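What follows is the residue order along each chain.
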Amino acid sequence: MKIKEAKIKEAKTILEQIEILRKRGLIINDVSFAKEILSHTNYYVLTGYLHSFKEPDETYIEGLSFEKLISICECDKRFRNIILYALDEIEHNIKTKIAYILAHSIGPLEYLNPLHFKDYTTHELFLSRLNNAINNNKKLPFVSHHLNKYNGKFPIWVASELLTIGMIRSLYENIETALQKEIAKAFGTGTRQFTNWLRCINYLRNMAAHYMRLYNLKISISPMFDKKLKNPPTLSYFVFDIIYLMKHLIPDKQEWNNYIIPRISQIFDEYSEHIDIASYGFPKDWESKLKIL
């Protein structure tokens, strides 16, 4: 049975957008401020933050103001930035360890050899994405150096600098089992868990890098924790679950404890009047749970 295609909505002017929000119950006292915000912030993005404030009749809960909405958006932006900072550290740690293990286990260029991989087509796709990354970054000094001096041969520790976390995930999931086990062991876990961890990190990295809403977002993938782990968190199915995982992958414990956690705390304190940390899945004792001992 063919599903009838919905009609695309007509574009609305900024004043029309404001009127729609008002009709649905959002309090907008300062129209000039609202116009300024909507001139550089996508209406579709803003209204995404309003879903959890909707009544059954599609109006917003009583007393909800435009100022509160913007405060939640600002908090989410700052929270997303510190999460991205930590994810960059984690991504570099993962790439470094995997490159080191592959270089010493099979050789600097053997990641190019399909014999070390489970599926030829997936490996070909990985190489295609790597070649695209090389072609798109020819002007980078280390890329041009290897193109000119080594005839375009990139040892794994160099190639890894061009890999996204998604490409690293693809490489890991396809490589032969013995190497998967060796890599997972370097992170203190097994292959099934490490595959899940890479997927979680990849998921959150994509969400944060593309400015997606994290506040009050039910995540579509949850991390798996070892049964041996002391006091594992009860899954909230919000972003806190993956952030708890991040503490096990961050390479610098001092930076996590002395910069990342305090920065999150500062953001939450600054916006405490407008946000509920439970909408990120954070429990009341989140600082003690995230601290690395």
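No experiment lies behind these values; they were computed from the predicted model shown.

Requested: an account of the packing of aromatic side chains, with residues and values cited.
One pass over the full model with this rule turns up 16 aromatic pairs. Ring centres of phenylalanine 33 and phenylalanine 66 lie 5.8 Å apart, and the angle between their planes is 85°; on these two criteria the pair is classed as edge-to-face. You can see phenylalanine 33 sitting in helix H2 (residues 31-40) and its partner phenylalanine 66 sitting in helix H4 (residues 66-105), a full 33 residues away along the chain. The class of phenylalanine 33 is partly exposed, set by a relative accessible area of 28%. In this structure phenylalanine 66 comes out as buried when scored by relative accessible area, which is 1%. Ring geometry for phenylalanine 268 versus tyrosine 280: centroids 5.7 Å apart, planes at 20°, classification stacked. Of this pair, phenylalanine 268 sits in helix H12 (residues 253-270) while tyrosine 280 sits in the loop between H12 and helix H13 (286-290); the two residues are 12 residues apart in sequence, bridging distant segments of the chain. Residue phenylalanine 268 shares its accessibility class with tyrosine 280, and that shared class is buried.

Explain the environment of lysine 218 residue by residue, including any values.
Residue placement: lysine 218 occurs in the loop between helix H10 (191-209) and helix H11 (240-246). Expressed as a C-alpha distance, the spacing of lysine 218 and tyrosine 237, which sit 19 residues apart in the sequence, is 5.7 Å. Contacts of lysine 218, omitting those with residues within four sequence positions, involve Tyr203, Ser236, Tyr237 and Phe238.

What counts and what doesn't
Residues numbered from 1 in each chain as written. Predicted model: local features only at pLDDT ≥ 70, side-chain atom pairs only at ≥ 80, totals over all residues. Heavy atoms only, no water. Phe/Tyr/Trp six-rings, centres within 6.5 Å; stacked < 30°, edge-to-face > 60°. Helix = DSSP H or I, 4+ residues; strand = E, 2+ residues; numbered from the N terminus. Buried < 20%, exposed > 50% of the residue type's maximum accessible area, 1.4 Å probe, protein only. Contact = heavy atoms within 4.5 Å.

Interpretation note: all reported values are geometric properties and have no functional meaning in isolation.
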